[in-house]
Amino acid sequence: LVLGLAWLGPVLRGEEKDGEVMAEEEDEMLSDELGEEDGVLVLHEHNFARALSEHRLLLVEFYAPWCGHCQRLAPAFAEAAAVLRNESSPAWLGKVDATAQTALAGEFGITSYPTLKLFRDSNRTHPIDYTGRMDMKGIVRWMQRRAGPSATPLQDTATASTFISSQDLVVVGFFKDLRSEAAQAFYEVAMEMVDVPFGVAEATELFQEYRLSADTVCLFKKFDEGRTDFPVDPAQGLDVAELTQLLRIHSLELVMEFTSETSDQIFGAKIPHHMLLFLNKSSSAQLALRDGFRAAAGAFRGKVLFVVVDVAGYGANVLTFFGITPADAPTLRLVKMKNNRKYRMEQDSFSDTAISTFIQAVLDGKVKPHLLSAEPPEDWATRAVKVLVGQTFEQVAFDETKNVFVKFYAPWCSHCQAMAAAWEELGERYKDHEDIVIAELDATANEMENVTITGFPTLRYFPAGPGRKMVDFKGSRDLETFSKFLENGGMLPEEPPAVPKTPENSTGSKEQSPPGTGVSRDEL
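About the criteria used
- Residues numbered from 1 in each chain as written.
- Predicted model: local features only at pLDDT ≥ 70, side-chain atom pairs only at ≥ 80, totals over all residues.
- Heavy atoms only, no water.
- Helix = DSSP H or I, 4+ residues; strand = E, 2+ residues; numbered from the N terminus.
- Contact = heavy atoms within 4.5 Å.
- Areas by Shrake-Rupley, 256 points an atom, 1.4 Å probe, with all protein chains shown as cover.
- Pairing = 2+ DSSP bridges.
- Axes fitted to C-alpha atoms, helices over the stretch in contact; angles between N-to-C directions.
- Parallel < 35°, antiparallel > 145°, perpendicular 65-115°, else oblique.
- Left-handed = near helix turned anticlockwise from the far one by under 90°.
- Buried < 20%, exposed > 50% of the residue type's maximum accessible area, 1.4 Å probe, protein only.
- Phe/Tyr/Trp six-rings, centres within 6.5 Å; stacked < 30°, edge-to-face > 60°.
- Lys NZ or Arg CZ within 6 Å of the ring centre and 35° of its normal.
- Expected span 1.5 Å × (residues − 1).
- Bend = angle between axes of the 7 residues up to and from the residue.

Draft legend 1. Region of the structure containing the overall build of the chain. When helices and strands are tallied, the chain shows 16 helices and 21 strands. Pairs at least 24 apart in sequence give 71% of the contacts found in the chain among residues at least 6 apart. Carbon and sulfur atoms make up 49% of the accessible area of the chain, which amounts to about 25000 Å² in all.

Draft legend 2. Structural view of the sheet that holds strand E14 (residues 304-310). Across the sheet, which stays open at both edges, the five strands sit in the order E12-E14-E13-E15-E16 with mixed pairing between neighbours. The open sheet has two free edges, formed respectively by strand E12 (255-257) and strand E16 (341-343), since each of these has just one partner strand. Going from strand to strand, the sheet's axes swing by 30° on average, the running direction of each strand aside. Of the pairings in the sheet, the one linking strand E13 (residues 273-279) to E14 comprises seven bridges and is parallel in character. Following the sheet pairing, Met275 is matched in E14 by Phe306. Sitting on the sheet, helix H11 (residues 290-297) is in contact with E12, E13, E14 and strand E15 (331-336), with an inclination near 165° to E14.

Draft legend 3. Structural view of the packing of H11 against helix H13 (residues 352-363). Closest axis-to-axis distance for the H11/H13 pair is 8 Å, and the angle between their directions is 50°. With respect to their mutual orientation, H11 and H13 come out oblique. The way H11 lies across H13 gives a crossing that is right-handed. Judged by residue contacts, Gly292, Phe293, Ala295 and Ala296 of H11 engage Asp352, Ile355 and Ser356 from H13.

Draft legend 4. Main features of the pairing of strand E2 (residues 40-43). As paired strands, strand E1 (residues 35-37) and E2 are joined by three bridges and run antiparallel to one another. Paired with Glu36 across the bridge in E2 is Leu41. Hairpin connection between E1 and E2: a loop of two residues separates the two successive antiparallel strands, and Asp38 in this loop has a positive phi of roughly 55°. Sheet topology note: the E2/strand E4 (residues 91-97) ladder contains three bridges and is parallel. Paired with Val42 across the two strands is Lys95, which belongs to E4.

Draft legend 5. The pairing of strand E9 (residues 198-201), seen in detail. A two-sided burial pattern is seen for E9, the buried positions comprising Phe198 and Val200 on one face and Gly199 and Ala201 on the other. Bridge count between strand E7 (residues 152-154) and E9: three bridges; the pairing is parallel. By the bridge assignment for E9, Pro153 is matched with Val200. Examined bridge by bridge, strand E8 (residues 169-174) and E9 share four bridges and lie parallel to one another. Among the inter-strand pairings, Val172 is bridged to a residue of E9, identified as Gly199.

Draft legend 6. Examining the packing of aromatic side chains more closely. The full count for this structure, using the stated rule, is 31 aromatic pairs. Aromatic pair Phe174 and Phe207: ring centres 5.9 Å apart, planes at 75°, arrangement edge-to-face. With Phe174 in strand E8 and Phe207 in helix H7 (residues 204-209), this residue pair connects regions lying 33 residues apart in the sequence. Among the residues examined, Phe174 registers a relative accessible area of 1% and is labelled buried. Pairing Trp412 with Phe456 gives two aromatic rings, centres 5.7 Å apart and planes at 80°, and the pair type is edge-to-face. Of the two residues, Trp412 is situated in the loop between strand E18 (403-409) and helix H15 (414-430) and Phe456 in the loop between strand E19 (436-442) and strand E20 (458-462); the sequence distance between them amounts to 44 residues. Residue classification places Phe456 among the buried residues on the basis of a relative accessible area of 3%. Counting every residue linked through ring pairs, the aromatic cluster contains Phe405, Trp423, Tyr461, Phe473, Phe482 and Phe485. The aromatic ring of Phe321 is capped on one face by Lys342, whose charged end is 3.9 Å from the ring centroid. A cation over a ring is seen here: Lys407 above Tyr409, with NZ or CZ 5.3 Å from the ring centre.

Draft legend 7. Just H15, in detail. Its 17 residues place the ends of H15 25 Å apart at the C-alpha level, agreeing with the 24 Å of an ideal helix rising 1.5 Å per residue. If you look at H15, its biggest bend is around 45°, right at Ala420. Taken together, the buried positions of H15 are occupied by His415, Cys416, Met419, Ala422, Trp423, Leu426, Gly427 and Tyr430.

As structure tokens, then:
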């Protein structure tokens, strides 16, 4: 996982890989009987094949009992199972304790938790990875699309009109032959975009009613321009990934407001840049600034998503990520989503011309990112563990006379908290070494131009000498392993591999974004 959605407030989903969990021997012999827990099938090596044979569509969660994300998912998973059961759906849900059922975990390549896979028509060799949201509605919709037709057949103008007017946003594929490759690609897109109703039409009268002469995918919406057409290229056909992205982009309003209801849409569109207008909606003068903001948005559709953030409302959750306060509104920021680099005008100007000029300059690489930095503590340099901030990082980490070992952490990170004592002991052990510096930096309050942090804790070693080298530490997070790494010049000495009596089921990982600054976090 990466912090690609780092300014997003609510936790959307996540997975855990941390911990050394040993498979437990089962005390009792298991049969192939299919037991249930909260309406979810409890699966293991002995009944897995039977479950596949008896259920045409089976979504299986591979979990670990200690996994915080799995624990949070459990109620929603059970609710989804109940909803599907009440609908008499052929779709069923099951779960596997991957730390106990190691053979199944190995067979399906389970390396993180929770992992959800769909098994269709008893096919054990090619399960489908779950791509929906990790909540009850997301699971139900995802399974419904696979249990029934992914697109509703529209037979005549009356049914089409009713379908199109039924929701704020619908997609209709008009195909002269529903067996064509283009139509099949459309069905595939419909299966993934479960939050939008899809319809499909073949009748000649519907082509005439909607003024179409060739195969076309139409997006009908009750906002902005009302309808967007995507004609099917007769030679190229429909590309699933391309159509999905186009529909996601044009399903968004030209200017979005950041709320709990829209956050999934905003980040699901995967638009590479976000232009944010921070304002206080209680101020009529600030609300009027939306006109210029909107006027600039059209030219950048698909490249830059324009979002209004209310500093006194839901947007208050993300202010610290940008280093701003409600008193700073109105103000503008542009975020490059792949690395969370933030850009700001030298002086905020809210005309459409000024906004467009600024965005284009950023896209052309003519604007340097705006980097956050906390103020350094007065005694930062005298502590056993040096406390770095954005403005002091460069001079310390890239000091050619020092070997610098830095912990990049987040205050809320449980993994960081767990290793805090070992890191302090490491600082005490090496505080009198002239050429070794042990340091830490709160990466939620400080940013560096040439160093990107994608998870917490991140441990990096900056060796002495020219070249601005940087080495990632990937060993166990304990005092003796840290010491071996330092004494060996920034490398862990090779040791003969240990042969465990019982196979381990998971590997170490980094804890990630917190509520208010990221999409997910690992929590033991």
